[in-house]
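Each chain, letter by letter, is given below.
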Amino acid sequence: MLILGIETSCDDTGVALVEAKGNRFRVHSNVIISQAKLHNRYGGVVPEVAARNHLKNIIPAVDEALGNTKPSKLDTIAVTAGPGLVTSLHVGVETAKTLSLAWNVPLVGINHMEGHIYSVLLPPPPVHRRGLGGGFGTTAKIKFPAVALIVSGGHTELIYMPGHGTYKLLGKTRDDAAGEAFDKAAFMLGLPYPGGPAISKVAEKGDPESFEIPRPMIERDDCEFSFSGMKNAIRLIVESYKKRRTRLPINDLAASIQQAIIDILITKSLIAIAKAKPKTFILAGGVAANAALRAQLAEKLPKNANLFISPISYSQDNGAMIAAAAHRRIKNKQFDSPESLTANAHWELV
Ligand code: KG4
Ligand code: ZN
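Right, let's walk through the structure included here. (Residues numbered from 1 in each chain as written. Chains lettered and ligands numbered in written order. Predicted model: local features only at pLDDT ≥ 70, side-chain atom pairs only at ≥ 80, totals over all residues. Heavy atoms only, no water.)

Quick look at the overall build of the chain
Helix and strand counts for the chain come out as 10 helices and 10 strands. Relative to the compact-globule value of 20 Å for 350 residues, the chain shows a C-alpha radius of gyration of 20 Å, a close match. Referenced to the eigenvectors of the C-alpha coordinate spread, the extents of the chain come out at roughly 65 × 45 × 40 Å. The proportion of buried residues among the 350 residues of the chain is 55%. For the chain, the proportion of contacts with a sequence separation of at least 24, taken over those separated by at least 6, is 75%. Positive and negative side-chain charges of the chain, numbering 40 and 31 respectively, have mean locations separated by a distance of 4 Å. (Helix = DSSP H or I, 4+ residues; strand = E, 2+ residues; numbered from the N terminus. Rg over C-alpha atoms; globule rule 2.2 N^0.38 Å. Buried < 20%, exposed > 50% of the residue type's maximum accessible area, 1.4 Å probe, protein only. Contact = heavy atoms within 4.5 Å. Lys, Arg positive; Asp, Glu negative; His and termini not counted. Charge placed at Lys NZ, Arg CZ, Asp CG, Glu CD.)

Quick look at the structure:
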């Protein structure tokens, strides 16, 4: 089964061609046209700029993802229909609807967060040649119940999954998302957008215990998160160095911020595991690319909770994860009509 996955919910234009065989996936292509450089100077995504660039990039991305594959060979077009920036979502949804009608290929609208969750089933791409090839992934299955920690630029939530496609919220952030905390901290430290990769890079050379960064709500025995209190603490540290005209020890500060975010994420994950006793624990979303988080979570997780982490190349927004999430919907014949599918910026999983 050949699925074309389209993702434009934020600032990355992602289009992938994914083949599903049984329960396994092969990613034939995974084109991501990043706009990070364009948004860098603003320290975050500017919706108007993002939508305009999706418009410019979407058809070239579809062309590149298809390569020599004829549209008539496609079984389904899967597209992110929400949540996200509405103007960005519209570009992907309207493109997918148009292609579905023009090529006479069925259409399915996918929730972006479900895409992140199902990205854990994608095989890691080979190191050679731009994500092509790779073979089919493992036959490893998600055992239920599962708990998923989704950490991205817009979301931080722990979700309980009694089975495929069913979700119950265990807890989420009250304010900023974990990725947003990385992005805002990076901005204050004068590091580029997106902040997560920038902070984790300099943090490698820093001491995570050198600064005291607050870990809001970590003492509470629940799955609620809060990251906004960190900003003030970081601002005060940065200002105190400015006042004293002393060079800010960026590596140490970045390492301390990263460790504080990781401590919160892992503590709340362990609470969720103690409460829900999952057979599988899933880590997904852009922040799942963080090497220190991956390593520390793997070390601290109870041995009986199978850990599924999305391959690093499918942690950030991409079309392949949207195709992976579509697979089960296609098998259940849950298609959407190209006449009526609409983008829903506030489409929450739970
Ligand atoms: O899932 P994603 O690509 O887009 C959204 O759906 O939001 O996540 C983007 C977020 C950004 O906030 C970015 O800073 C963060 O993921 N991120 C990271 C890393 N790579 C990306 N955060 C921490 N460490 C990383 N290595
Ligand atoms: Zn995302």
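Section: the nonpolar core
Among the nonpolar cores identified, the biggest contains 49 residues, and L189, I213, F227, L253, I261 and L265 are the most heavily contacted of them. Of all the secondary-structure elements, those providing two or more residues to this core are β6 (146-151), α5 (178-188), α6 (195-203), α7 (228-243), α8 (250-276), β9 (280-284) and α9 (291-300). Setting aside anything within four residues of it in sequence, one finds L189 in contact with I234, V238, L248, I250, L253, A254 and I257. Counting 35 residues, the second-largest nonpolar core is a separate cluster that includes A78, Y118, M161 and A324. (Core = buried A, V, L, I, M, F, W, Y, C linked by side-chain atoms within 4.5 Å.)

Thoughts on the coordination of the zinc ion (ligand 2)
Taken together, H112 (NE2), H116 (NE2) and D317 (OD) make up the protein donors of the zinc ion (ligand 2), found 2.0 to 2.1 Å from the metal. One chain supplies every donor to the zinc ion (ligand 2), and in sequence these donors are spaced H-x3-H-x200-D. With a gap of four residues between them, H112 and H116 both fall in helix α4 (residues 112-118), about one helical turn apart. (Donors = N, O, S within 2.8 Å, 3.2 Å for Na, K, Ca; no water.)

A closer look at the sheet that holds strand β2 (residues 12-21)
Across the sheet, which stays open at both edges, the five strands sit in the order β3-β2-β1-β4-β5 with mixed pairing between neighbours. Looking at the sheet topology across the chains shown, the edges are occupied by β3 (24-34) and β5 (107-111). Here the strands of the sheet are splayed against their neighbours by 20 degrees on average, with no regard to which way each runs. By the bridge criterion, four bridges tie strand β1 (residues 2-7) to strand β4 (residues 76-82) in an arrangement that is parallel. Within β4, the residue paired with I6 across the bridge is V79. Relative to the sheet, helix α3 (residues 86-103) contacts β1, β4 and β5, its axis offset from that of β4 by approximately 155 degrees. Together, β1, β2, β3, β4 and β5 form the strand contacts of helix α10 (residues 319-331), whose direction differs from that of β1 by roughly 125 degrees. (Pairing = 2+ DSSP bridges. Axes fitted to C-alpha atoms, helices over the stretch in contact; angles between N-to-C directions.)

Description of the pattern of salt bridges
Tallying each qualifying case throughout the model produces 13 salt bridges. Here E48 ties to R52 by a salt bridge, and the two come within 3.3 Å at their closest N and O atoms. With E48 and R52 both in helix α2 (residues 47-66) and four residues apart, this pair spans about one turn of that helix. As a salt-bridge pair, E180 and K184 come within 3.1 Å of each other at their nearest N and O atoms. Of this pair, E180 and K184 both sit in helix α5, four residues apart, which is roughly one turn of the helix. Residues joined by salt bridges that share partners form a network here, namely D176, E180, K184 and K231. (Salt bridge = Lys/Arg side-chain N within 4 Å of Asp/Glu carboxyl O.)

Overview of the pairing of β6
Within β6, six of the six residues are buried, which leaves the element mostly enclosed by the surrounding structure. Alternating residues of β6 divide into A146, A148 and I150 and V147, L149 and V151, and every residue in both groups is buried. Bridge analysis of β6 against strand β7 (residues 156-163) gives six bridges, and the strand direction is antiparallel. The residue of β7 that forms the bridge with V151 is T156. What sits between β6 and β7 in their antiparallel hairpin is a turn of four residues.

What to know about the packing of aromatic side chains
Per the counting criterion, the structure on display carries two aromatic pairs. Aromatic side chains F225 and F227 sit 6.2 Å apart centroid to centroid with 15 degrees between the ring planes, which places their arrangement in the stacked category. Both residues of the pair, F225 and F227, belong to the buried class. (Phe/Tyr/Trp six-rings, centres within 6.5 Å; stacked < 30°, edge-to-face > 60°.)

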